[in-house]
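Observations on the model geometry
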Amino acid sequence: MHLAVAVLVAVSSLIGAPDCVGFSPPVDGPIVRGFAPVGDYAGHWGIDFGVAAGTEVQAAGAGTVTFAGSVAGMLTVTLDHGGSLKTSYSYLSDATVATGWRVVAGQVVGHSGFHHGEAALH
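Anyway, here's the lowdown on the structure attached to this text. (Residues numbered from 1 in each chain as written. Predicted model: local features only at pLDDT ≥ 70, side-chain atom pairs only at ≥ 80, totals over all residues. Heavy atoms only, no water.)

**A look at the environment of F114**
Relative to the assigned elements, F114 resides in strand β8 (residues 108-115). As a C-alpha pair, F114 and G54 span 60 residues in sequence and 9.4 Å in three-dimensional space. (Helix = DSSP H or I, 4+ residues; strand = E, 2+ residues; numbered from the N terminus.)

Here is the structure:
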């Protein structure tokens, strides 16, 4: 199982979310910072992929866009997949979806950008 999907499954089991079977990583790239929910600033509640800026970011699964905008100066898209399972995609250079849109698994929701001068997707 790919680490990104494993993280989704691990997190969903902790919060009682539905099964993540069928979810896919949002980009094809190496994980450069892992899920570490403890530490500075309450930890790192996600994973970072090292991908070139402008890489297409795809929905890990079907859902509804509940947010598309800026969070702490970073463009973010959040999808609600039902139950208590949500995925967020941050450090985007643009969003190709808007709040309220329904998306299918694999649909492009935006393009990756930069965080602290490094090309990445969170």
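Moving on from the coordinates now.
**Points about the environment of A105**
Assignment of secondary structure puts A105 in the loop between β7 (102-103) and β8. Measuring from C-alpha to C-alpha, the distance between A105 and S24 comes to 8.0 Å, with 81 residues separating the pair along the chain. The contact partners of A105, leaving out residues within four places of it in the chain, are A59, A60, G61 and A62. (Contact = heavy atoms within 4.5 Å.)

**Considering the side chain of H81**
Among the secondary structure elements, H81 is positioned in the loop between β5 (74-80) and β6 (86-95). Here H81 falls in the buried class, since its relative accessible area comes to 16%. Here the side chain of H81 touches G61 through a polar contact of 3.5 Å, landing on its backbone oxygen. Within the structure, H81 has its side chain in polar contact with the side chain of T87 (distance 2.7 Å). Not counting the four nearest positions on each side in its chain, H81 is found in contact with F23, G61, A62, G63, K86, T87 and Y89. (Buried < 20%, exposed > 50% of the residue type's maximum accessible area, 1.4 Å probe, protein only. Polar contact = N/O pair within 3.5 Å; in protein donor to acceptor, adjacent residues only side chain to side chain.)

**Some remarks on the nonpolar core**
One finds V57, V77, L79, Y89, V109 and L121 to be the most contacted residues of the largest nonpolar core, which totals 18 residues. Of all elements in the fold, only β5 and β6 reach the threshold of two or more residues within this core. The contacts of V77, once residues within four sequence positions are left out, are V65, F67, A68, T87, S88, Y89, L92, A95, V97 and V109. (Core = buried A, V, L, I, M, F, W, Y, C linked by side-chain atoms within 4.5 Å.)

**Section: the pairing of strand β4 (residues 63-71)**
Note that β4 and β7 share two bridges and pair antiparallel. Bridge pairing in β7 places T64 opposite R102. One ladder, built from seven bridges, connects β4 with β5; its direction is antiparallel. By the bridge assignment for β5, V71 is matched with M74. (Pairing = 2+ DSSP bridges.)

**A closer look at the pairing of β5**
Between β4 and the antiparallel strand that follows it, β5, lie two residues; A72 among them carries a positive phi value of about 55 degrees. Sheet analysis places β5 next to β6, joined by six bridges and oriented antiparallel. Bridged to T78 within β6 is S88. The turn linking β5 back onto β6 is made up of five residues, and G82 within it adopts a positive phi angle of 105 degrees.

**Structural notes on the environment of H115**
Along the polypeptide, H115 turns up in strand β8. Looking at H115, the relative accessible area reads 23%, which means it is partly exposed. Expressed as a C-alpha distance, the spacing of H115 and Y91, which sit 24 residues apart in the sequence, is 5.9 Å. A polar contact of 3.4 Å, which involves the side chain of H115, links it to the side chain of Y91.

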